[in-house]
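# Residue-level structure breakdown
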Amino acid sequence: MDIDAILKALPHRYPFLMIDRIIEIDGDDSAIGIKNVTFNEPQFAGHFPEEPIFPGVLIIEGMAQTAGAIVINLENQSGGKHLVYLLTVDGVKFRKPARPGDRLEYHIKKIHRRKTVGRYEAKAIVDGVVVAEAEIGAMIVKEQE
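Remember, it's a predicted structure, so these values are computed and weren't measured experimentally.

### Thoughts on the environment of Glu135
Along the chain, Glu135 falls in strand β6 (residues 129-142). In this structure, Glu135 is in contact with Thr88, Val89, Asp90, Ile111, Arg119 and Tyr120, ignoring residues within four places of it in sequence. In terms of polar contacts, Glu135 uses its side chain to reach the side chain of Arg119, at 3.1 Å.

### Let's talk about the environment of Arg13
Note that Arg13 resides in the loop between α1 (3-9) and β1 (21-26). For Arg13, the side chain forms a polar contact with the main-chain oxygen of Leu7, separated by 2.9 Å.

### Quick notes on the pattern of salt bridges
When the charged atoms of two side chains lie near each other, side chains of opposite charge can form a pair. Scanning the entire structure with this criterion turns up 9 salt bridges. The shortest N-O distance in the salt bridge between Glu75 and Arg113 comes to 2.5 Å. Of this pair, Glu75 sits in helix α2 (residues 56-77) while Arg113 sits in strand β4 (residues 103-114), placing them 38 residues apart in sequence. Taking the relative accessible area as the measure of exposure, Glu75 reaches 17% and is therefore buried. Judged by its relative accessible area of 22%, Arg113 falls in the partly exposed class. The partner of Asp90 in a salt bridge is Arg119, and the shortest N-O contact between them spans 2.5 Å. Of this pair, Asp90 sits in strand β3 (residues 82-94) while Arg119 sits in strand β5 (residues 117-126), and the two are 29 residues apart along the sequence. On the basis of relative accessible area, Asp90 is assigned to the partly exposed category, the value being 33%. In the salt-bridge network here, residues are joined through shared partners; they are Asp28, Asp29, Glu75, Lys110 and Arg113.

### So, the sheet that holds strand β2 (residues 30-36)
Strand order across the open sheet formed by 6 strands is β1-β2-β4-β5-β6-β3, with antiparallel pairing between neighbours. Since the sheet does not close on itself, it has two edges, and those belong to β1 and β3, each with one partner. Across this sheet, the average inter-strand angle for adjacent strands is 20°, counted without regard to direction. Across 9 bridges, the pairing between β4 and β5 is antiparallel. Counted as the bridge partner of Lys109 is Glu121 from β5.

### A look at the pairing of β6
One ladder, built from 10 bridges, connects β3 with β6; its direction is antiparallel. Looking across to β6, one finds that His82 is bridged to Lys142. In the sheet, β5 pairs with β6 via 10 bridges, with the strands oriented antiparallel. In the strand pairing of β6, Val126 is matched with Val129. Adjacent in sequence and paired antiparallel, β5 and β6 are bridged by 2 residues, among which Asp127 carries a positive phi angle near 50°.

### Considering the packing of aromatic side chains
Scanning the model with the defined rule gives 2 aromatic pairs in all. With a centroid separation of 6.1 Å and an interplanar angle of 10°, the aromatic rings of Phe39 and Phe44 are classed as stacked. Between the aromatic rings of Phe44 and Phe54, the centroid separation amounts to 6.3 Å while the plane-to-plane angle is 50°, which identifies the pairing as tilted. Remark: Phe54 occurs in the loop between β2 and α2 and Phe44 occurs in the loop between β2 and α2; sequence separation between them is 10 residues.

About the cut-offs
Residues numbered from 1 in each chain as written. Predicted model: local features only at pLDDT ≥ 70, side-chain atom pairs only at ≥ 80, totals over all residues. Heavy atoms only, no water. Helix = DSSP H or I, 4+ residues; strand = E, 2+ residues; numbered from the N terminus. Contact = heavy atoms within 4.5 Å. Polar contact = N/O pair within 3.5 Å; in protein donor to acceptor, adjacent residues only side chain to side chain. Salt bridge = Lys/Arg side-chain N within 4 Å of Asp/Glu carboxyl O. Buried < 20%, exposed > 50% of the residue type's maximum accessible area, 1.4 Å probe, protein only. Pairing = 2+ DSSP bridges. Axes fitted to C-alpha atoms, helices over the stretch in contact; angles between N-to-C directions. Phe/Tyr/Trp six-rings, centres within 6.5 Å; stacked < 30°, edge-to-face > 60°.

And the structure:
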């Protein structure tokens, strides 16, 4: 999915869109999303100006957005317009900071999905090194007309 497809799938917009593209998709089973971390992003003015680190909560958001985008993309192919709501974030571990110039890869793998609720394993990777991981739970709903 390029940025145009992501913008069609997700309601998020700058400065809160945390993925630039999705380079691999296998239905809603797995995906790899990309976030290019750049110094001109607004969070670096305060986190932290002398030692810029991409906030961990935004890494989690990027993982959730990647999972949400592939689910919405698949659901919208069957008709209607859908939204995905974040339900849970479990087992979060931050292993190493992400910094400007890094290319975050969000590796998403479906653990299970039953009707409208799904659970996904998510890892954020920079240069082959896991910088964060979590399990993300989400609810898929059809938008009201």
